[in-house]
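Understanding the architecture of this molecule
The chain contents come next:
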Amino acid sequence: MDFSLFYFASADVGESADKYQLLIEGAKFADTHGFAAVWTPERHFYAFGGLYPNPSVTSAAVATVTERIQIRAGSVVLPLHDPLRVAEEWAVVDNLSHGRVGISFASGWQPNDFVFAPENYVNRKEVMRHGIETVRRLWRGERIRRRDGNGSEIEIGILPRPIQRELPIWVTLLAVRKHFAWLVRLVLTCSLTYWVRVSNS
């Protein structure tokens, strides 16, 4: 059985200058004591979990103080972001960690979080599905077509190139039975095989 650390601390820690000491020291301990992974979430605008608005940033910090432990996002709320930027940021973390990253993607559920991308809230599950496909294509070295500042359509890929050929991916879901048909479709269209962090709450 593997053990991991999952951080979800409250941001209500006063004026402490060491808000991330537990994350860093815990990651170093886990790295030298046989733990499998360190997970950090994406949370916005609430004290509970509020220390972790961007798992790529916290994961980059963990990457620089560890050597072997896996570094994972739990989760990246993909409909809040451009998949191009997600792939680019995590390619950096994959290089900093020498190929130790993995991402659990989520569609999101809290309406307030979608101030970043309000147009994606209603269809957030399908937005996530398409986003996962885009992230995987970019990670493998494929190029996608986007419109530039002049209105011209161009082909772009990500740099730096990630260390891992394939990005390890999970999906975080609530109420699996309610979304079973959608889950099957996602597995088939994205060719995903690993599923964890499922809750029926």
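The structure displayed is predicted, hence computed values, not measured ones.

One way to put it is that helix H2 (residues 55-63) packs onto helix H3 (residues 83-96) with a least axis distance of 9 Å and a crossing angle of 10°. The pairing of H2 with H3 is recorded here as roughly parallel in orientation. Two secondary-structure elements touch here, H2 through Pro55, Ser56, Ser59, Ala60 and Ala63 and H3 through Glu89, Trp90, Val93 and Leu96. Split into classes, the residues belonging to the contact of H2 with H3 amount to six nonpolar, two polar and one charged.

Where strand E5 (residues 144-147) and strand E6 (residues 153-156) come together, four bridges link them in antiparallel fashion. In the sheet register, Arg145 faces E6, and the bridge partner there is Glu155. The antiparallel hairpin formed by E5 and E6 contains five residues in its connecting segment, where Gly151 sits at a positive phi of about 85°.

The subject of this paragraph is the environment of His44. Tracing the backbone through its elements, the reader meets His44 in the loop between strand E2 (37-40) and H2. A relative accessible area of 8% places His44 in the buried class. Distance in space between the C-alpha atoms of His44 and Asn112 is 8.3 Å, their sequence separation being 68 residues. Side chain to side chain, His44 and Glu42 meet in a polar contact 2.7 Å long.

On to helix H4 (residues 124-139), then. In a regular helix each residue adds 1.5 Å, so 16 residues correspond to 22 Å; H4 covers 22 Å between its end C-alpha atoms and thus fits that length. Downstream of H4 by a residue or two, Gly141 has a phi angle that is positive, lying close to 105°.

Here we take up the pattern of salt bridges. The final tally for this structure, using the stated rule, is twelve salt bridges. Put simply, Arg145 and Glu155 hold a salt bridge, and the shortest N to O gap is 3.3 Å. Residue Arg145 is found in strand E5, and its partner Glu155 is found in strand E6; the two are separated by ten residues along the sequence. Judged by its relative accessible area of 48%, Arg145 is partly exposed.

Reading guide: rules and limits
Residues numbered from 1 in each chain as written. Predicted model: local features only at pLDDT ≥ 70, side-chain atom pairs only at ≥ 80, totals over all residues. Heavy atoms only, no water. Axes fitted to C-alpha atoms, helices over the stretch in contact; angles between N-to-C directions. Helix = DSSP H or I, 4+ residues; strand = E, 2+ residues; numbered from the N terminus. Parallel < 35°, antiparallel > 145°, perpendicular 65-115°, else oblique. Contact = heavy atoms within 4.5 Å. Nonpolar A, V, L, I, M, F, W, Y, C, P; charged D, E, K, R; others polar. Pairing = 2+ DSSP bridges. Buried < 20%, exposed > 50% of the residue type's maximum accessible area, 1.4 Å probe, protein only. Polar contact = N/O pair within 3.5 Å; in protein donor to acceptor, adjacent residues only side chain to side chain. Expected span 1.5 Å × (residues − 1). Salt bridge = Lys/Arg side-chain N within 4 Å of Asp/Glu carboxyl O.

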